[in-house]
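The chain contents come next:
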Amino acid sequence: MPKPVVSESARRRRRPTKNGVVLSEDLIVRTALRMLREHGAAGLSVRRLGIALGADPSTLYRYFAGIDDLTLAIGDMLIGRAMDGWHATGDWRADLRELGLRIHAAYLEHPQAAVLTASRISGKSHEIAADEAILGRLRGAGFPDRAAVRVYHAFIDMTLAFAALDAASLALPEQARRADEEMWQATYARLSPAGHPNIAAVAPLLVADMNDSAYPAALDMLLAGAARDRERNGSAGDG
């Protein structure tokens, strides 16, 4: 006789672990986030995660197919945190600016996780909800579908690229990160105007600006360009 099909919920552990907690996908992902923050990507494994949760490592396979599946869930949780509390206001440009800054900030709160997940596509619920919201704001503002997809593509790729770039800097050892930050003052600000007239002319501005993320400025440029294209093409709509 064929074996009975066991439902997804029936495969979940209901008894407390050695640590006195009941396992759930949310708990596993939050624990993985903590381990990434403390030990980096090299410190995340099914065995170590099982130890941290007080559970047999094999139990984790009831929730995730493996570390890669867990990695996708981590990225989806970061998107979910960014979406939490975000609401459309009727101004497409302001809405997308706020959402972009939220996504960028959510990833930077967990730099090691950001480096690991920013380039991945999870296809999970929070990611899908974010994509639906972005496309909805653009189409609702009157962007034709092709233009909406073009702006969406640039918006989400730029947001995640800056998240990965800025997170990689934050994930560096403190000594290396500090050396990078001091390079503008220690090297660039001392270059001779004779040999490097353009750098020398703006050196104080470089020192003041280059250790901050360029994402807010780049985001404003992207949205301003999208707005100009929308007006040039005579799109109707809000915002």
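Every chain's residues receive numbers from 1 upward, in the order its sequence appears when written. Given that the model is predicted, a residue must reach a pLDDT of at least 70 before its local features are reported, and side-chain atom pairs must reach 80 or more before they are shown or counted; all residues, however, enter totals for whole chains, interfaces and linings. For the side-chain quantities, the full set of heavy atoms in the structure was used; hydrogens and water were omitted.

**Brief notes about the overall build of the chain**
For helices the rule is a DSSP run of H or I covering at least 4 residues; for strands it is a run of E covering at least 2, with both sets numbered from the N terminus onward. Broken down by element type, the chain carries 10 helices and 0 strands. Element order for the chain, N to C, with α for helix and β for strand: α-α-α-α-α-α-α-α-α-α. When burial is assessed residue by residue, the chain has 38% of its 239 residues classed as buried. We call two residues in contact when some of their heavy atoms are within 4.5 Å. Within the chain, residue pairs in contact and separated by at least 24 positions form 68% of the contacts whose partners lie at least 6 positions apart. Carbon and sulfur atoms make up 56% of the accessible area of the chain, which totals about 13,600 Å². Between buried and exposed lies partly exposed: a residue is buried under 20% and exposed over 50% of the maximum accessible area for its type, with that area taken using a 1.4 Å probe on protein chains only. For accessible areas, the Shrake-Rupley method is used with a probe of radius 1.4 Å. Any residue's cover is judged against the shown protein chains and nothing else.

**Some thoughts on the environment of P216**
In this fold, P216 is placed in helix α10 (residues 215-232). Classification of P216 by relative accessible area gives partly exposed; the value is 30%. Spatially, the C-alpha atoms of P216 and T159 are 9.5 Å apart, while their sequence positions differ by 57 residues. Not counting residues up to four positions away in its chain, the partners in contact with P216 are R97 and L101.

**A look at the side chain of D95**
Examined against the element boundaries, D95 turns out to sit in helix α4 (residues 92-108). Residue D95 is classed as buried on the basis of its relative accessible area of 1%. A 3.5 Å cut-off defines polar contacts: any pair of N or O atoms within that distance qualifies, except that in protein one atom must be a possible hydrogen donor and the other a possible acceptor, and neighbouring residues in sequence count only when both atoms are side-chain atoms. Of the polar contacts made by the side chain of D95, one reaches the side chain of T89; its length is 2.7 Å.

**Quick look at the UniProt feature "DNA-binding region" (unreviewed entry) in the chain**
UniProt positions are given in the numbering used here, feature names are shortened, and annotations may be inferred rather than shown by experiment. The feature "DNA-binding region" (unreviewed entry), as given by UniProt, occupies residues 45-64 in the numbering adopted here. Helix and strand shares over residues 45-64 are 40% and 0% respectively, and the end C-alpha atoms of the span are 13 Å apart.

**Thoughts on α4**
To estimate the expected span of a helix, subtract one from its residue number and multiply by 1.5 Å. Taking 1.5 Å as the rise per residue, α4 with 17 residues should run 24 Å; its terminal C-alpha atoms sit 24 Å apart, in good agreement. Close packing links the buried residues of α4 with α3 (67-83), α5 (111-117), α6 (125-140), α7 (145-170) and α10.

**What to know about the environment of L78**
Mapped onto the fold, L78 is located in helix α3. As for L78 and R102, which are separated by 24 residues in sequence, their C-alpha atoms are 9.9 Å apart. Dropping the residues within four chain positions of it, L78 is found in contact with L33, A106, Y107, H110, A113 and T117.

**With respect to the packing of helix α1 (residues 25-39) against α3**
For the pair α1 and α3, interaxial distance at closest approach is 10 Å and the crossing angle is 95 degrees. Relative to α3, α1 is oriented roughly perpendicular. On α3, the residues touching D26, I28, V29, R30, A32, L33 and L36 of α1 are L70, A73, I74, M77, L78 and R81. Only Asp, Glu, Lys and Arg are considered charged, only Ala, Val, Leu, Ile, Met, Phe, Trp, Tyr, Cys and Pro nonpolar, and every remaining residue, Gly among them, polar. Taken together, the residues of the contact of α1 with α3 break down into 10 nonpolar, no polar and 3 charged. Orientation is described by lines fitted to C-alpha atoms, with helices fitted over the stretch in contact, and by angles between N-to-C directions that extend from 0 to 180 degrees. Any angle that falls under 35 degrees is termed roughly parallel, while one over 145 is termed roughly antiparallel, one within 65 to 115 roughly perpendicular, and all others oblique.

**A closer look at the packing of aromatic side chains**
Two rings belonging to Phe, Tyr or Trp (six-membered ring only in the last case) form a pair when the distance between their centres is within 6.5 Å. Interplanar angles under 30 degrees mark stacking, angles over 60 mark edge-to-face geometry, and anything in between is tilted. Counted under the stated rule, the structure contains 3 aromatic pairs. When the centroid spacing of 5.6 Å and the interplanar angle of 55 degrees are considered together, the rings of F162 and Y215 count as tilted. Of this pair, F162 sits in helix α7 while Y215 sits in helix α10, placing them 53 residues apart in sequence. Residue F162 is classed as buried on the basis of its relative accessible area of 17%.

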